[in-house]
Amino acid sequence: MPQKLLWINARLGEAAGSTGPLQDILVEDGRIAAIAPALPRDGAGTIDCEGRLVTPAFIDCHTHLVHGGDRTQEFEMRLEGASYQDIARAGGGIVSSMRATRALDVDGLIAASLPRLDALLGEGVSTVEIKSGYGLEIETELNMLRAARKLAELRPVRIRTTWLAAHAMPPDYPGGKTGYIQDVAIAGLERAHAEGLVDAVDAFCEGIAFSAAEIEPLFARAAALGLPVKLHTEQLTRSGGTLLAARFNALSVEHFEYATAEDVAAIRASGTVAVLLPGAFYMLRETRKPPLDALRKAGVPIALATDCNPGTSPVSSLLLTMNMGAVLFGMTVAECLDGVTRHAARALGLAGETGRMAPGMSADFTVWNAETAAQLVGRLGLNPMHSRVFQGTVTHD
């Protein structure tokens with residue numbers, strides 16, 4: 001494909017969620033060089049968008065995409081009245097996925113994960129965050145991130161990896177939580193960092209997982225290694241993890257249903273993104289919504305993600321996630337689109353690389369069989385993607 005390409009007659013939709021006059025998009029060497037009406041051809045290869053909507057490529061900034069096994073039986077248990085906490089305490093939940101994930105080697109993890117990744121790419125996704133967290137012992141946690149790195153070699157996608165060994169306590173660990181954080185989460189992080197496998201560090205701050213005090217040494221070690229942190233927090237109870245995350249200037253806090261005004265103020269001051277995960281809210285039939293109005297008033301950037309995982313959010317669609325964000329949480333169309341583009345990029349530390357249609361940015365964008373962003377958010381069961389462009393190359397059409 002030519003190094004210089006011109007997409008003409010594009011109906012741009014981003015940021016405010018609106019569209020204006022038809023634009024041309026000039027791409028050189030994988031980056032957006034210019035956006036304006038009727039750009040000169042100058043020998044560039046030309047692709048006619050024919051008035052279709054063009055948005056930044058989607059970014060799924062919170063997934064557990066690499067894992068083994070299936071937890072559909074837990075869905076039935078919840079239908080019969082069991083809570084997430086009940087299932088976890090009975091040996092299900094994350095521990096169930098631990099057993100299935102430990103049973104697979106790197107190749108097995110890749111094979112299990114590719115269909116989920118392909119589903120996301122088929123909806124115009126260019127960038128996916130993938131967490132470890134189902135090994136709960138060092139070697140399997142490393143294998144999960146090795147598999148994630150390999151996926152980026154097998155598919156045209158940008159992968160960001162997150163070390164999440166502090167996801168749950170494995171039943172076979174002989175010590176307590178403090179020992180596990182030191183012997184597995186921190187020791188494994190050091191190995192992952194040495195192997196170049198990790199881009200960020202995460203933990204699950206919740207009554208059924210780890211407290212803020214237990215997580216703090218892990219975050220301190222991450223900071224010493226120069227790695228940014230993220231945190232699952234305030235999902236099922238008000239755990240206080242947000243204040244810890246803000247002290248470490250976390251990239252993001254994720255779930256956030258039980259957050260307080262103090263939490264919102266803290267992440268506003270730290271520049272942290274609130275990542276909302278309506279798939280888990282929906283599957284767990286939760287009723288406590290994230291404090292959306294408080295986040296808006298404080299000017300906190302709000303991202304949306306699938307939380308793609310085997311149990312509480314078996315979702316592989318950002319189109320569906322945007323609809324859930326609108327219907328369940330009351331987000332606007334513009335907020336939903338921003339949530340899977342520019343704010344999602346910020347949640348991964350990629351705000352200067354992708355997530356926006358602007359000169360200098362990576363040429364990651366999607367052409368849709370649609371005229372407005374509302375048609376992406378307001379429809380169910382229809383994928384209107386026309387073509388996907390990643391780093392200036394058409395990968396799906």
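Residues numbered from 1 in each chain as written. Predicted model: local features only at pLDDT ≥ 70, side-chain atom pairs only at ≥ 80, totals over all residues. Heavy atoms only, no water.

Going by the annotation in an unreviewed UniProt entry, the name recorded for the chain is Imidazolonepropionase, with Actibacterium naphthalenivorans given as the source organism. Of the comments in the UniProt record for the chain, the one headed Catalytic activity (unreviewed entry) reads "4-imidazolone-5-propanoate + H2O = N-formimidoyl-L-glutamate". (UniProt positions renumbered as here; feature names shortened; annotations may be inferred.)

**Student:** Which parts of the structure should I look at to understand the domain arrangement of the chain?
**Tutor:** Note: interface size is frequently given as the accessible area lost on complex formation between the parts. Per the domain assignment, the segments making up the chain are domain 1 (4-56 + 356-396) and domain 2 (58-348). Centre-to-centre, using C-alpha coordinates, domain 1 lies 30 Å away from domain 2. With 27 residues of domain 1 at the contact, the number on the domain 2 side is 22 residues. In total, domain 1 and domain 2 occlude about 1,900 Å² of area from one another, counting both sides; carbon and sulfur atoms represent 65% of this. Counting across the interface, domain 1 meets domain 2 through 1 salt bridge. In this structure, Arg-158 and Asp-364 form a salt bridge, with 3.0 Å as the shortest nitrogen-oxygen distance. Across the contact surface, domain 1 and domain 2 share 8 residue pairs in polar contact (both at pLDDT 80 or more). Looking at the side of domain 1 that touches domain 2, the elements with two or more residues in it are β5 (53-56), β14 (365-368), α15 (374-377), β15 (385-390) and β16 (393-396). (Domains from an automatic or database assignment. Contact = heavy atoms within 4.5 Å. Buried area = accessible area lost by both parts, 1.4 Å probe. Salt bridge = Lys/Arg side-chain N within 4 Å of Asp/Glu carboxyl O. Polar contact = N/O pair within 3.5 Å; in protein donor to acceptor, adjacent residues only side chain to side chain. Helix = DSSP H or I, 4+ residues; strand = E, 2+ residues; numbered from the N terminus.)

**Student:** Explain the side chain of Asp-202 to me, please; I cannot follow it from the model alone.
**Tutor:** Examined against the element boundaries, Asp-202 turns out to sit in strand β9 (residues 200-205). Owing to a relative accessible area of 0%, Asp-202 belongs among the buried residues under this scheme. Within the structure, Asp-202 has its side chain in polar contact with the side chain of His-232 (distance 3.0 Å). Leaving out residues up to four positions away in the same chain, Asp-202 has contacts with Lys-131, Thr-162, Trp-163, Leu-164, Leu-218, Phe-219, Lys-230, Leu-231, His-232 and Glu-254. (Buried < 20%, exposed > 50% of the residue type's maximum accessible area, 1.4 Å probe, protein only.)

**Student:** I tried to follow the UniProt feature "binding site: 4-imidazolone-5-propanoate" (unreviewed entry) in the chain on my own but got confused; where do I start?
**Tutor:** UniProt records the feature "binding site: 4-imidazolone-5-propanoate" (unreviewed entry) at Arg-71, Tyr-134, His-167, Gln-235 and Thr-312, using the numbering of this structure. Mapping Tyr-134 onto the fold places it in the loop between β7 (125-131) and α5 (138-154). A residue is classified by how much of its surface remains accessible, and Tyr-134, at 2% relative accessible area, is buried. With respect to the helices, strands and loops of the structure, Gln-235 is situated in the loop between β10 (230-233) and α8 (241-247). With a relative accessible area of 5%, Gln-235 lands in the buried category. When neighbours within four sequence positions are excluded, Gln-235 is seen to be in contact with Phe-204, Glu-206, His-255, Glu-257, Tyr-258, Ala-280 and Leu-284.

**Student:** Teacher, can you tell me more about the nonpolar core here?
**Tutor:** Nonpolar side chains in soluble globular proteins tend to end up buried together. Ranked by internal contacts, the top residues of the largest apolar core, which has 91 residues, are Phe-58 and Leu-218. Summarising the domain contributions, this core has at least three residues from each of domain 1 (4-56 + 356-396) and domain 2 (58-348). Trp-7, Ile-32, Met-357 and Ala-363 belong to the second-largest nonpolar core, a separate cluster that totals 14 residues. (Core = buried A, V, L, I, M, F, W, Y, C linked by side-chain atoms within 4.5 Å.)

**Student:** Just to check I follow, could you spell out the packing of helix α6 (residues 177-194) against helix α7 (residues 212-224) for this structure?
**Tutor:** A pair of packed helices can be characterised by two numbers: the angle between their axes and the separation between those axes. Across the interface, α6 lies against α7 with an axial gap of 9 Å and an inter-helix angle of 20°. In terms of orientation, α6 lies roughly parallel with respect to α7. Two packed elements cross with a definite hand, and for α6 against α7 that hand is right-handed. Where α6 abuts α7, its residues Lys-177, Ile-181, Gln-182, Ala-185, Ile-186, Leu-189 and Glu-190 lie against Glu-214, Pro-217, Leu-218, Arg-221 and Ala-222. Tallied by class, the residues present in the contact of α6 with α7 amount to 7 nonpolar, 1 polar and 4 charged. (Axes fitted to C-alpha atoms, helices over the stretch in contact; angles between N-to-C directions. Parallel < 35°, antiparallel > 145°, perpendicular 65-115°, else oblique. Left-handed = near helix turned anticlockwise from the far one by under 90°. Nonpolar A, V, L, I, M, F, W, Y, C, P; charged D, E, K, R; others polar.)

**Student:** What is the right way to look at the pattern of salt bridges in this model?
**Tutor:** Once their charged atoms are close, side chains differing in charge can pair, the charge on each being opposite to the other. Scanning all chains against the criterion turns up 24 salt bridges. Between Arg-146 and Glu-139 there is a salt bridge, and its shortest N-O distance comes to 2.8 Å. What makes Glu-139 partly exposed here is its relative accessible area of 34%. Here the salt bridges share partners, and the residues they tie into one network are Glu-129, Lys-131, Asp-202, Lys-230 and Glu-254.

**Student:** Just checking my understanding: could you explain the sheet that holds strand β8 (residues 158-166) for this structure?
**Tutor:** Note: strands within a sheet are paired through backbone hydrogen bonds, in either parallel or antiparallel orientation. Strand order in the open sheet made by the 8 strands is β6-β7-β8-β9-β10-β11-β12-β13, with parallel pairing throughout. Both edges of this open sheet fall to β6 (58-60) and β13 (302-304), since each of them pairs with a single strand only. Across the sheet, the mean angle from the axis of one strand to that of its neighbour is 25°, orientation sign disregarded. In the packing of α7 onto the sheet, the strands contacted are β8, β9 and β10, and the crossing angle to β9 comes to about 180°. (Pairing = 2+ DSSP bridges.)

**Student:** Teacher, can you tell me more about helix α9 (residues 261-270) here?
**Tutor:** At 3.6 residues per turn, the α-helix brings residues three or four places apart onto the same side. Within α9, burial applies to Asp-263, Val-264, Ala-266, Ile-267 and Ser-270. Projected down its long axis, α9 shows its buried positions confined to an angular sector of 160°, all on one face. Those residues of α9 that are exposed and aimed more than 90 degrees away from the buried face are Ala-261 and Ala-269. In the core, the buried residues of α9 are packed alongside α8, β11 (252-255), β12 (273-276) and α11 (292-298). Gly-271 sits one or two residues past α9 and shows a positive phi near 75°. (Arc of directions from axis to C-beta.)

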